Amino acid sequence: MSKTWTIVRRELQSFFDSLTAYIMLVAFLGFSGFFTWISGNDIFFIGQASLQSFFSIAYWTLFLFIPALTMRQLAEENKTGTLEMLLTKPISDWQIVFGKFLSTLILIVIALFLTFPYYFTVWSLGPIDHGAVILGYVGLILMSSAYISIGLFASSVTNNQIVAFLLALIIGIFFHVIFGVLASSLTGAAGSVFDYLSMSTHFSAISRGVIDSRDIIYFLSIVVMGLMGSEASLAKRNLN
């Protein structure tokens, strides 16, 4: 586990040294703050003490930002040759992948932590469903974990950051939008399958304060498949 945390510290330092972390944090807080407090669907327009408007915009903002964070993590290292050097050290492919996953997730958690003033401000405006707020943040973390694993997989199969970014978006858009559209267009078993595959189905339930084991299994399944796919890709590169 110590080797994994070495990767985590290395990646976090890289994020902050390259200003990536600062840009992401400022952009995320700027977008979420604007649409939560100023735009036409802000908290004051809704007229109730709720963070649903924030969770709705964060749902889309993180979907777009996460591929920008993961696109370089394996693709750039493979392009520059640092990945091959890393693979020669006494560290497993899984430790590399999991360390990079954790570092990105920690950065997302930091970004979400910086939005806690929204919670306390809304709380001061009136009665708030604390359970729904807590689960809303949990939902964002679970969703982010899924997209980080997808982004890492996309970054593991190419040497080009832009290709990795676009590939992660293309895969993600199926979970984020297309499966939901298909679920609403189809009936019967097919509609149920696509409804279960839709990210919004599970995130919406959790953000409303309802948690179900099926939602947890859904997110964890995507995370495991994404990380295992990334590990397999690294192993294949190592063999070559």
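Residues numbered from 1 in each chain as written. Predicted model: local features only at pLDDT ≥ 70, side-chain atom pairs only at ≥ 80, totals over all residues. Heavy atoms only, no water.

A. Examining the overall build of the protein chain more closely. For the protein chain, the helix and strand inventory stands at 13 helices and zero strands. In the protein chain, the succession of α and β elements from N to C terminus is α-α-α-α-α-α-α-α-α-α-α-α-α. Among the 240 residues that make up the protein chain, the fraction classed as buried is 48%. By sequence separation, contacts in the protein chain at least 24 residues apart represent 76% of the contacts at least 6 residues apart. (Helix = DSSP H or I, 4+ residues; strand = E, 2+ residues; numbered from the N terminus. Buried < 20%, exposed > 50% of the residue type's maximum accessible area, 1.4 Å probe, protein only. Contact = heavy atoms within 4.5 Å.)

B. Structural detail: the packing of helix α9 (residues 130-156) against helix α12 (residues 199-207). Here α9 crosses α12 at 155°, and the two axes come no closer than 7 Å. Compared by their axis directions, α9 and α12 come out roughly antiparallel. Residues A132, L135, G136, G139, L140, L142, M143, A146 and Y147 of α9 touch α12, and the partners they reach there are M199, F203, I206 and S207. Tallied by class, the residues present in the contact of α9 with α12 amount to 10 nonpolar, three polar and no charged. (Axes fitted to C-alpha atoms, helices over the stretch in contact; angles between N-to-C directions. Parallel < 35°, antiparallel > 145°, perpendicular 65-115°, else oblique. Nonpolar A, V, L, I, M, F, W, Y, C, P; charged D, E, K, R; others polar.)

C. Local environment of the UniProt feature "transmembrane region" (unreviewed entry) in the protein chain. Taken from the UniProt record, the annotation "transmembrane region" (unreviewed entry) applies to residues 21-39, 51-75, 96-120, 132-155, 162-183 and 216-235. Its end C-alpha atoms 36 Å apart, residues 51-75 is made of 80% helix and 0% strand. Taken end to end, residues 216-235 has its terminal C-alpha atoms 28 Å apart, with 100% of it in helix and 0% in strand. (UniProt positions renumbered as here; feature names shortened; annotations may be inferred.)

D. Representation of the nonpolar core within the structure. In terms of nonpolar packing, the biggest core is built from 56 residues, with M24, F28, L51, F54, L62, L140 and M199 touching the most fellow members. Considering each element in turn, this core owes the most residues, 11 residues, to α9. Aside from chain neighbours lying at most four places away, what touches M24 is L62, F65, L69, I108 and A111. (Core = buried A, V, L, I, M, F, W, Y, C linked by side-chain atoms within 4.5 Å.)

E. Quick look at the side chain of S149. Mapped onto the fold, S149 is located in helix α9. For S149, a relative accessible area of 0% corresponds to the buried category. From its side chain, S149 meets the backbone oxygen of A146 in a polar contact 2.6 Å long. (Polar contact = N/O pair within 3.5 Å; in protein donor to acceptor, adjacent residues only side chain to side chain.)

F. Region of the structure containing the side chain of S198. Structurally, the position occupied by S198 is in the loop between α11 (188-197) and α12. Beyond its immediate chain neighbours, meaning those up to four positions away, S198 contacts F175, F179, G180 and Y218.

G. Region of the structure containing a nonpolar patch on the surface. There is a patch of nonpolar side chains on the surface, built from I162, L166, I170 and F174 and spanning about 380 Å² of accessible area. Of note, I170 is situated in helix α10 (residues 161-185). (Patch = residues over 30% accessible without salt bridge, like charges linked within 9 Å, V, L, I, M, F, W, Y side chains within 5 Å. Areas by Shrake-Rupley, 256 points an atom, 1.4 Å probe, with all protein chains shown as cover. Salt bridge = Lys/Arg side-chain N within 4 Å of Asp/Glu carboxyl O.)

H. Quick peek at helix α8 (residues 116-125). By the burial criterion, the buried members of α8 are Y118, Y119 and V122. Projected down its long axis, α8 shows its buried positions confined to an angular sector of 100°, all on one face. (Arc of directions from axis to C-beta.)

I. Inspection of the packing of aromatic side chains at higher detail. Under the counting rule described, the total for this entry stands at 21 aromatic pairs. Here F54 and Y137 contribute two aromatic rings whose centre-to-centre distance is 5.9 Å and whose plane-to-plane angle is 45°, an arrangement assigned as tilted. Of the two residues, F54 is situated in helix α4 (residues 52-70) and Y137 in helix α9; the sequence distance between them amounts to 83 residues. With a centroid separation of 5.1 Å and an interplanar angle of 70°, the aromatic rings of F116 and Y137 are classed as edge-to-face. Note that F116 is positioned in helix α8 and Y137 in helix α9, a separation of 21 residues in sequence. (Phe/Tyr/Trp six-rings, centres within 6.5 Å; stacked < 30°, edge-to-face > 60°.)

J. Looking closely at the environment of Y119. Looking at the element boundaries, Y119 is found in helix α8. A distance of 2.5 Å separates polar atoms of two side chains, one belonging to Y119 and the other to H130.

K. Seen up close, the environment of Q52. The residue Q52 is located in helix α4 in this model. Sequence spacing of Q52 and G136 is 84 residues, and the spatial spacing of their C-alpha atoms is 8.1 Å. In this structure, Q52 is in contact with S207 and R208, ignoring residues within four places of it in sequence.

L. Representation of the pattern of salt bridges within the structure. Enumeration over the complete set of coordinates arrives at three salt bridges. The salt bridge partner of R10 is E11, with a shortest N-O separation of 2.9 Å. Judged by relative accessible area, R10 falls into the partly exposed class, the value being 33%. D212 is the salt-bridge partner of R214, the closest N and O atoms lying 3.2 Å from each other.

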